[in-house]
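Observations on chain architecture
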Amino acid sequence: MTSTTNDDPLDFLSSNLQGAPQRSQTDLIQLLLYEIIRVKEIIKYYESIPNGAGQLGASILNELVSEAYQSLVNYDTELMRKYYDLLQNCD
């Protein structure tokens, strides 16, 4: 396995910028992806709660992450902004 000095899993987004107009869109995409990654870690926590006590929370967060991914696939900036705001409040 190779070791890298950069721990940013989304570094490819900021290294491929072509101009200022794309910057805000790229920033939104990058921010949403960071929130998706963060919430996926929270989902792992909920799933690890014994006796299935966290399954409801995990399934709700999984659905939210799925819809956030769909907004990225469709490049729907309004929905991306909505899901970014929603994911930020997940804990």
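Residues numbered from 1 in each chain as written. Predicted model: local features only at pLDDT ≥ 70, side-chain atom pairs only at ≥ 80, totals over all residues. Heavy atoms only, no water.

1. Considerations on the nonpolar core
Where we set the bar: For our purposes a nonpolar core is just a set of buried Ala, Val, Leu, Ile, Met, Phe, Trp, Tyr and Cys residues, chained together by side-chain atoms within 4.5 Å. Buried, partly exposed and exposed residues are distinguished by accessible area as a fraction of the type maximum, computed with a 1.4 Å probe on protein chains only: under 20%, between the cut-offs, and over 50%, respectively. Runs of H or I in DSSP of at least four residues are treated as helices and runs of E of at least two as strands, each being numbered from the N terminus. For this analysis, residues touch if any pair of their heavy atoms sits within 4.5 Å.
Leu32, Ile36, Val39, Leu72 and Leu87 are the most contacted members of the largest nonpolar core, which totals 19 residues. Of all the elements in the fold, those that place two or more residues in this core are helix H2 (20–47), helix H3 (55–73) and helix H4 (77–88). Top element by residues in this core is H2. It accounts for 8 residues. Non-local contacts of leucine 72, meaning those with residues more than four positions away in its chain, are made with Ile29, Leu32, Leu33, Ile36 and Met80.

2. A look at the pattern of salt bridges
How we decide: When a carboxyl oxygen of Asp or Glu is within 4 Å of a side-chain nitrogen of Lys or Arg, the pair counts as a salt bridge.
Under the counting rule described, the total for this entry stands at 2 salt bridges. Between arginine 38 and glutamate 35 there is a salt bridge, with its nearest N and O atoms 3.0 Å apart. One end of the pair, arginine 38, and the other, glutamate 35, are both in helix H2, 3 residues apart, so they sit about a helical turn from each other. You can call arginine 38 partly exposed: its relative accessible area is 30%. Residue lysine 44 is joined to glutamate 41 by a salt bridge in which the shortest nitrogen-to-oxygen separation is 3.2 Å. Here lysine 44 and its partner glutamate 41 are both found in helix H2, 3 residues apart, which amounts to about one turn of the helix.

3. Remarks on unusual backbone geometry
Even without glycine at this site, asparagine 51 takes up a positive phi of about 60°. Relative to the assigned elements, asparagine 51 resides in the loop between H2 and H3. Its identity is not glycine, yet tyrosine 75 carries a phi of approximately 50°, on the positive side. Structurally, tyrosine 75 is set in the loop between H3 and H4. For tyrosine 75, a relative accessible area of 41% corresponds to the partly exposed category.

4. Describing the packing of H3 against H4
Applicable threshold: Angular values range over 0 to 180 degrees, each being the angle between N-to-C directions of two axes fitted as lines to C-alpha atoms, with helices fitted over their stretch in contact. Roughly parallel means an angle under 35 degrees; roughly antiparallel, over 145; roughly perpendicular, 65 to 115; everything else is oblique. Here a crossing is taken to be left-handed if its near helix is turned anticlockwise relative to the far helix by less than a right angle, and right-handed if that turn runs clockwise. Ten residues, namely Ala, Val, Leu, Ile, Met, Phe, Trp, Tyr, Cys and Pro, are considered nonpolar, four, namely Asp, Glu, Lys and Arg, are considered charged, and the remaining ones, Gly among them, are considered polar.
Here H3 crosses H4 at 150°, and the two axes come no closer than 9 Å. Overall, the two elements H3 and H4 adopt an arrangement that is roughly antiparallel. Where H3 crosses over H4, the two elements pack in a sense that is left-handed. When H3 is examined against H4, the residues Leu64, Val65, Glu67, Ala68, Ser71 and Leu72 are found in contact with a partner set consisting of Leu79, Met80, Tyr83, Leu86 and Leu87. Classifying every residue of the contact of H3 with H4 by side-chain character gives 9 nonpolar, 1 polar and 1 charged.

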